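So the chains spell out like this:
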Amino acid sequence: MRDELGAGRLREILVLLAQPLAGYGVAIVPVLLAAATPILADERLLDAGCGSGAAMLCVLARAPACHAVGLEAEADLAEIARLNLAANGLTERAAVVTGDVAALPGSAGDEPFDLVISNPPFLPPSAGTPSPRPQRQAAHVES
């Protein structure tokens, strides 16, 4: 499924965003996270748990001289994030790596990151009714 995030200025920032049909759907949180990210020109960003790449894409659009690596544990989401980078013409400044933040893959590069962002699961396991969609559950509930 392809969505556009918002109207007006947001449409200028993020043209297309592919998302899984049955998984976590992007809302406003990654857009606000990107807006609050104090990145400067030529800095290097790591988006830990980038999902489909929404926050990373918004940061890249807002700071056109920065570079980014998206790290995603789920291979299908990492592939969607790669497609989103390509659809938005950002593959020269960013890459998506499949892996775990606890063991950063060597393909994330040898250079240090200036800034790390993440939109991690925020609910305790005992909160609410579990989602029947495993990907949505993983996006919202701590493991």
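Residues numbered from 1 in each chain as written. Predicted model: local features only at pLDDT ≥ 70, side-chain atom pairs only at ≥ 80, totals over all residues. Heavy atoms only, no water.

### Some remarks on the overall build of the protein chain
In step 1: Along the protein chain, the regular secondary structure elements total five helices and six strands.
In step 2: The order of α-helices and β-strands along the protein chain, N terminus first, is β-α-β-α-β-α-β-α-β-β-α.
In step 3: Residues classed as buried in the protein chain amount to 40% of the 143 residues present.
In step 4: For the protein chain, the share of sequence-separated contacts (at least 6 apart) that also reach a separation of at least 24 residues comes to 62%.
In step 5: Total accessible area on the protein chain stands at roughly 7,600 Å², and carbon and sulfur atoms take up 59% of it. (Helix = DSSP H or I, 4+ residues; strand = E, 2+ residues; numbered from the N terminus. Buried < 20%, exposed > 50% of the residue type's maximum accessible area, 1.4 Å probe, protein only. Contact = heavy atoms within 4.5 Å. Areas by Shrake-Rupley, 256 points an atom, 1.4 Å probe, with all protein chains shown as cover.)

### Some points on a nonpolar patch on the surface
In step 1: Side chains of Ile28, Val29 and Leu32 sit close together on the surface and give an oily, nonpolar patch of about 270 Å² of accessible area.
In step 2: Topologically, Val29 is positioned in helix α2 (residues 29-35).
In step 3: Take Val29: its relative accessible area is 43%, and that puts it in the partly exposed class. (Patch = residues over 30% accessible without salt bridge, like charges linked within 9 Å, V, L, I, M, F, W, Y side chains within 5 Å. Salt bridge = Lys/Arg side-chain N within 4 Å of Asp/Glu carboxyl O.)

### Details of the confidence of the model for the protein chain
In step 1: Looking at the protein chain as a whole, its pLDDT mean stands at 80, while 71% of the residues score no less than 70.
In step 2: Contacts from residues 6-11, a stretch scored under 50 in pLDDT, to residues over four places away or in other chains number five contacts. (pLDDT = per-residue confidence, 0-100.)

### Notes on the sheet that holds strand β6 (residues 115-118)
In step 1: In spatial order, the strands read β5-β4-β3-β6; together these four strands make up an open sheet with parallel pairing. The open sheet has two edge strands, β5 (94-98) and β6, and neither has a second partner. In this sheet, adjacent strand axes meet at a mean angle of 20° when their direction is disregarded.
In step 2: When strand β3 (residues 44-48) meets strand β4 (residues 67-72), the two strands line up parallel, connected through five bridges. By the bridge assignment, Leu46 is partnered in β4 with Val69.
In step 3: Each of β4 and β5 is contacted by helix α4 (residues 75-87), which is oriented at about 170° to β5, the strand it contacts most. (Pairing = 2+ DSSP bridges. Axes fitted to C-alpha atoms, helices over the stretch in contact; angles between N-to-C directions.)

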